[in-house]
Amino acid sequence: MSVEKHYLLDTSVILDDPTNIMRLSDHGQNAIYITNIVLAELNNRKEDIRTEAGFRAREFFRLVDNDLGETIQRHQLPDFKQVRNPLYSDDKYYKMILQFPVSEGEDAEEATLPLYVIHRPHYRISDTYREPQGLNDAKIGEIVLDYGWILVTNDIAFKIAASIEGVPAQSLRHTQVKDPDNIEFEHQILYYDESELNQELDLLNFTQVTCKQLAKSDSGEDYETGIVKYGMVINGVIDFMDFDLRFGDHFDNTLVRPINLEQKFYYATLTHPQSNVTVVTGSTGSGKTLVALQAGLEMLKDGIVEGIVYARNTITSNDQQAELGFRKGDEHQKLGYFMYPLYSAVNYTIEQMKEHSFDPHVEFSGDTNSMKEENATVAFMEKYNIDVMDLAHLRGTTISKKFVIIDEAQNMTHASMKLVGTRMGEGTKLAVLGDFHQIDHPFLSKRRNALVALLQKAQKDHFVAGITLKHTIRSKTADWFDSNF
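Residues numbered from 1 in each chain as written. Predicted model: local features only at pLDDT ≥ 70, side-chain atom pairs only at ≥ 80, totals over all residues. Heavy atoms only, no water.

A. Geometry of the overall build of the protein. For the protein, the helix and strand inventory stands at 16 helices and 17 strands. Buried positions account for 49% of the 485 residues belonging to the protein. Considering only residue pairs separated by 6 or more positions, the protein has 66% of its internal contacts joining residues 24 or more positions apart. Element-wise, carbon and sulfur atoms account for 48% of the exposed surface of the protein, whose accessible area totals about 24,600 Å². (Helix = DSSP H or I, 4+ residues; strand = E, 2+ residues; numbered from the N terminus. Buried < 20%, exposed > 50% of the residue type's maximum accessible area, 1.4 Å probe, protein only. Contact = heavy atoms within 4.5 Å. Areas by Shrake-Rupley, 256 points an atom, 1.4 Å probe, with all protein chains shown as cover.)

Pasting the structure below:
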């Protein structure tokens, strides 16, 4: 069997998404291998029912067709004559067959793919390795060095260590966004006559448009008249928006008004009748969660949705015990630790409502300055049908006619984002929030995460609306740290 490349996979690549195996295979042009170390790590992970990594480990084993697997000899490896010598003489080999679904329905089809397992009873590196951690990585490195294959790992530290030892290594880059900082969804139009604004535009839906009128001076030079119109592109034409009217005297005073232009575009996009999926990136304090909550409350009051769902994963900054099981309390209390952005937005909204409610003490009582879901916060969320969920609990559910807010999407993998998207039912609107400058996931980076991938798709697809919030409004201190750290 002749192949172009030989890839040995680290556990991190499979835990990111088992379908990475199929992508790397490239329709069988490349041979894919794992070691018994990786197989053992995946097997240990599959009992974990709380995390996405545990689900993906189980998903890997679900792809394996046990009836077609078999023990093979060295000469049955792809291009076995081309492997580097000397080979470790005690190595044994197993050929697994994975079956990947490529279509659904009655005519569902599956693609089969061989995955070769290298079993080494004793690793030479075990005799000399003295570091407290990293032995498994060192063992995988030993195999890839012996056979002369290419190591694929999303663990940057492992990749660097392998490269230092002369092991060819690469990360999985098929989902990497090259320059996320330059992702924009704004467009400016300079015009002389309003009739020019009626022309069909070759711009994606939900592109935010600022139209500035120009005029000619007596000397023939252009100058701005000061007339500015705002809108967003829908089906090639500008849907103009009078923000002064939209957020003026007729705006519901019990809701928090957006305070700058980008927040107004954000709010208008979330509530637009043709908007089903909105992805927004912005730094801490830019109003991502607060504005999303206000938009959800408006749609709830107008009967567009029947409730609000706030969900996020439980990856936290510098928290090695990110799983809910390590927190105190029952599952709902544990989840509360991770819902502070929502509770903060709820409490801010409560304060706004108290100023405009005829009898605020009846509906909004209690301490609204607490991070925990007590008193006023609980009453508010029950009244407005606001649920909080862990992303893992979305599996097996269908959410219909709700406004779903997914927060901290920069810490989500593509598999997690696909899980979220495929759970959305009829009448549901989805808002995906995050800041790709704040990555806490061990296998993700600024250029490779579900948030930037969705932002990139929003630049190419009419279905997804994209927003970038650039202004921090929380405080001067927050703004300084966002700009200088």
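B. How the structure looks around the packing of aromatic side chains. Tallying each qualifying case throughout the model produces 12 aromatic pairs. Note on phenylalanine 243 and phenylalanine 265: the rings are 5.2 Å apart at their centroids and 90° apart in plane angle, and the pair reads as edge-to-face. Here phenylalanine 243, found in helix α7 (residues 243-246), pairs with phenylalanine 265, found in helix α8 (residues 261-271); they are 22 residues apart in sequence, far enough to count as distant. In this structure, phenylalanine 243 and phenylalanine 265 share a single accessibility class: buried. Ring pairs connect the aromatic residues Tyr230, Phe243, Phe247, Phe251, Phe265 and Tyr267, which therefore count as one cluster. In this structure, lysine 46 packs its charged tip against the face of phenylalanine 61, placed 4.9 Å from the ring centre. Over the face of the ring belonging to tyrosine 384 we find lysine 383, whose NZ or CZ atom lies 5.5 Å from the ring centre. (Phe/Tyr/Trp six-rings, centres within 6.5 Å; stacked < 30°, edge-to-face > 60°. Lys NZ or Arg CZ within 6 Å of the ring centre and 35° of its normal.)

C. Main features of helix α15 (residues 450-458). Burial analysis of α15 places seven of its nine residues in the buried class, the great majority of the element. Taken together, the buried positions of α15 are Ala450, Leu451, Val452, Ala453, Leu454, Leu455 and Ala458. Taken together, the buried residues of α15 touch β12 (277-282), α14 (414-421), β16 (429-434) and β17 (464-469). The N-cap of α15, judged by a side-chain oxygen 3.0 Å from the amide nitrogen of leucine 451 a few residues on, is asparagine 449. (Polar contact = N/O pair within 3.5 Å; in protein donor to acceptor, adjacent residues only side chain to side chain.)

D. Just the sheet that holds strand β15 (residues 403-407), in detail. The strand order across the open sheet formed by six strands is β14-β13-β15-β16-β12-β17, and the pairing between neighbours is parallel. The open sheet has two edge strands, β14 (386-390) and β17, and neither has a second partner. Sheet twist, expressed as the average angle between the axes of neighbouring strands with direction ignored, equals 20°. Of the pairings in the sheet, the one linking β12 to β16 comprises five bridges and is parallel in character. The residue bridging valine 277 from the neighbouring strand is leucine 430, located in β16. α8 contacts β12, β15, β16 and β17 of the sheet and is inclined by roughly 160° relative to β17. Packing against the sheet, α15 makes contact with β12, β16 and β17, and its axis sits at approximately 120° to β12. (Pairing = 2+ DSSP bridges. Axes fitted to C-alpha atoms, helices over the stretch in contact; angles between N-to-C directions.)

E. Highlighting the pattern of salt bridges. Inspection of every chain in the model, using the stated rule, returns 15 salt bridges. Between glutamate 59 and arginine 62 there is a salt bridge, and its shortest N-O distance comes to 2.9 Å. One end of the pair is glutamate 59 and the other is arginine 62, both in helix α4 (residues 52-63) and three residues apart, which spans about a single turn. Accessibility expressed as a relative area gives 26% for glutamate 59, which makes it partly exposed. Close ionic contact of lysine 470 with glutamate 184 constitutes a salt bridge, the shortest N to O distance being 2.9 Å. Of the two residues, lysine 470 is situated in the loop between β17 and α16 (476-484) and glutamate 184 in the loop between β7 (169-170) and β8 (186-191); the sequence distance between them amounts to 286 residues. What you see here is one network of salt bridges that share partners, running through Asp91, Arg120, Arg124, Glu142 and Asp146. (Salt bridge = Lys/Arg side-chain N within 4 Å of Asp/Glu carboxyl O.)

F. Quick peek at the side chain of threonine 153. Its place among the elements puts threonine 153 in the loop between β6 (150-152) and α6 (156-164). Using a relative accessible area of 0% as the deciding quantity, one classes threonine 153 as buried. Not counting residues up to four positions away in its chain, the partners in contact with threonine 153 are Asp10, Ser12, Val13, Phe158, Lys159, Gln170 and Ser171.

G. α8, seen in detail. The element α8 is extensively covered by neighbouring structure, given that 10 of its 11 residues are classed as buried. Regarding α8, the residues found buried are Glu262, Gln263, Lys264, Phe265, Tyr266, Tyr267, Ala268, Thr269, Leu270 and Thr271.

H. Representation of the pairing of strand β11 (residues 237-241). In terms of strand pairing, strand β10 (residues 222-234) meets β11 through five bridges, oriented antiparallel. Of the residues in β11, the one forming a bridge with glycine 231 is phenylalanine 240. Hairpin geometry of β10 and β11 is characterised by an intervening segment of two residues between the two adjacent antiparallel strands and by a positive phi of about 55° at asparagine 235.

I. Highlighting the nonpolar core. Leu9, Ile21 and Phe60 are the most contacted members of the largest nonpolar core, which totals 44 residues. Ranked by the residues each element gives to this core, the list is headed by strand β5 (residues 110-119), at five residues. In contact with leucine 9, not counting residues within four places along its chain, are Ile14, Ile21, Leu24, Ile32, Tyr33, Ile34, Val38 and Val152. Counting residues in each nonpolar core, the second largest holds 43 residues, with Ala295, Leu297, Met299 and Ala376 among its members. (Core = buried A, V, L, I, M, F, W, Y, C linked by side-chain atoms within 4.5 Å.)

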